[in-house]
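Structure assessment
This is what each chain is made of:
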Amino acid sequence: MKPASVTIIGSGTCVPSLKRSSCAVLMELGETKLLFDSGPGTMHRLLSAGIEIFDIDFIFYSHFHPDHTGELVPLIFATKYPDGSRRNTLLTIAGGDGFLNFINKLKAVYGDWLELPNVMLRFLELDRNGPDSRHFSSFAVETMPMNHQAESLGYRITDSNGKSIVYSGDTDTTENLVSLATGADLLICESAMPDTLKVPGHLTPSLAGDMATRANVKKLVLTHLYPECDRFDIASQCRQTYQGPLVIAEDLMKIEI
Ligand SMILES: [Zn+2]
Ligand SMILES: [Zn+2]
């Protein structure tokens, strides 16, 4: 199987930015395409990466904040109209505790605009109360609760070559992220604000670096960057706690694993 790759679709936050679109990460495992979060602007950025929404096989949501889920409704609507035949494969959309209730509330507003045949779309709720693991044909997924919202999950994907990629979603410090990311080939970690501007519920470069060091990951990507991050040398801040390979995310950056 060809090597796994990650494309940062959106490295930003809820703040509108031409440079950093809201959160989304594309993972390509052979022919299988996984999307993590779909903030506003995701479909356009995917097109810039040469990916159509019909190419996506799985969407995993880290939590329900609009900067991570904003394009869920437009994506399903664009699968249905103007021509509902363009998707040839099943799309699985998964999230943490309360995800099915979240979907049902959206359906209460949008009705059958969000309905698609079962062979085209299924929703999956993952366990929030501890480690969960699921096996699909070309990869396995493990999740752990993160320290952000009640439903927040971090994801560890292991492909059929044994490579592992971890996505933190939004989180503050948590030992769950250290254990989920232990030995991972790549950790895509939020680093919302510079060290001096830390906000509750989010990490900073040096905190992300500390967890990456303790998890002994092989490479660290810092993402979910508020505009303040571009006014500081966040790489140097991260270097105070982490010495391994480091990438500051940019939209449409592709990383081979
Ligand atoms: Zn966020
Ligand atoms: Zn959030």
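Here the structure is a predicted model, which is why all the values come from computation and not from measurement. (Residues numbered from 1 in each chain as written. Chains lettered and ligands numbered in written order. Predicted model: local features only at pLDDT ≥ 70, side-chain atom pairs only at ≥ 80, totals over all residues. Heavy atoms only, no water.)

1. Let's talk about the sheet that holds strand 11 (residues 186-190)
Strand pairing in a sheet is mediated by backbone hydrogen bonds. Such pairs are either parallel or antiparallel. The strand order 7-8-9-10-11-12-13 describes an open sheet built from seven strands, whose pairing is mixed. Each having just a single partner strand, strand 7 (132-135) and strand 13 (246-248) make up the two edges of the open sheet. Direction aside, neighbouring strands of the sheet carry axes that sit 15° apart on average. Bridge count between strand 9 (residues 153-159) and strand 10 (residues 164-167): four bridges; the pairing is antiparallel. The residue of strand 10 that forms the bridge with Tyr-155 is Tyr-167. Docked against the sheet, helix 6 (residues 205-215) engages strand 11 and strand 12 (220-223), running at close to 150° with respect to strand 12. (Pairing = 2+ DSSP bridges. Helix = DSSP H or I, 4+ residues; strand = E, 2+ residues; numbered from the N terminus. Axes fitted to C-alpha atoms, helices over the stretch in contact; angles between N-to-C directions. Contact = heavy atoms within 4.5 Å.)

2. Topic: the side chain of Glu-151
Mapping Glu-151 onto the fold places it in the loop between strand 8 (139-145) and strand 9. Classification of Glu-151 by relative accessible area gives buried; the value is 9%. Each residue touching Glu-151, except ones within four places of it in the same chain, is listed here: Ser-62, His-63, Phe-64, Gly-96, Asp-97 and Arg-128. (Buried < 20%, exposed > 50% of the residue type's maximum accessible area, 1.4 Å probe, protein only.)

3. Quick notes on the sheet that holds strand 3 (residues 32-36)
The seven strands are arranged 6-5-4-3-2-1-14 in an open sheet whose pairing can be described as mixed. On the outer flanks of this sheet lie strand 6 (121-125) and strand 14 (254-256), each paired with one strand and no other. Recorded for the sheet is a direction-independent mean angle of 20° between the axes of neighbouring strands. Along the sheet, helix 4 (residues 99-110) makes contact with strand 5 (91-95) and strand 6, crossing strand 6 at roughly 135°.

4. Here's the deal with the coordination of the zinc ion (ligand 1)
Protein coordination of the zinc ion (ligand 1) is provided by Asp-67 (OD), His-68 (NE2), Asp-170 (OD) and His-224 (NE2), with donor distances spanning 2.1 to 2.4 Å. Relative to the metal, the four donor atoms surrounding the zinc ion (ligand 1) lie at angles of 91 to 163°, and the coordination shape comes out irregular. One chain supplies every donor to the zinc ion (ligand 1), and in sequence these donors are spaced D-H-x101-D-x53-H. A spacing of 3.4 Å is found between the zinc ion (ligand 1) and the zinc ion (ligand 2), which share Asp-170 as a donor. Here His-68, found in helix 2 (residues 66-69), pairs with His-224, found in the loop between strand 12 and helix 7 (234-239); they are 156 residues apart in sequence, far enough to count as distant. For His-224, a relative accessible area of 1% corresponds to the buried category. (Donors = N, O, S within 2.8 Å, 3.2 Å for Na, K, Ca; no water. Tetrahedral: all angles 85-135°; square planar, octahedral: opposite > 155°, others 65-115°.)

5. Side note on the pattern of salt bridges
One pass over the full model with this rule turns up 13 salt bridges. Notably, a salt bridge pairs Arg-86 with Glu-52, separated by 3.0 Å at the nearest N-O pair. Placement of Arg-86 in the loop between helix 3 (72-80) and strand 5 and of Glu-52 in the loop between helix 1 (42-48) and strand 4 (58-60) is noted, with a sequence separation of 34 residues between them. The partner of Arg-134 in a salt bridge is Asp-132, with the nearest N and O atoms 3.0 Å apart. Assessed through its relative accessible area of 26%, Arg-134 is described here as partly exposed. Among the residues examined, Asp-132 registers a relative accessible area of 13% and is labelled buried. Each member of the salt-bridge network shares a partner with another, and the members are Lys-19, Arg-20 and Asp-230. (Salt bridge = Lys/Arg side-chain N within 4 Å of Asp/Glu carboxyl O.)

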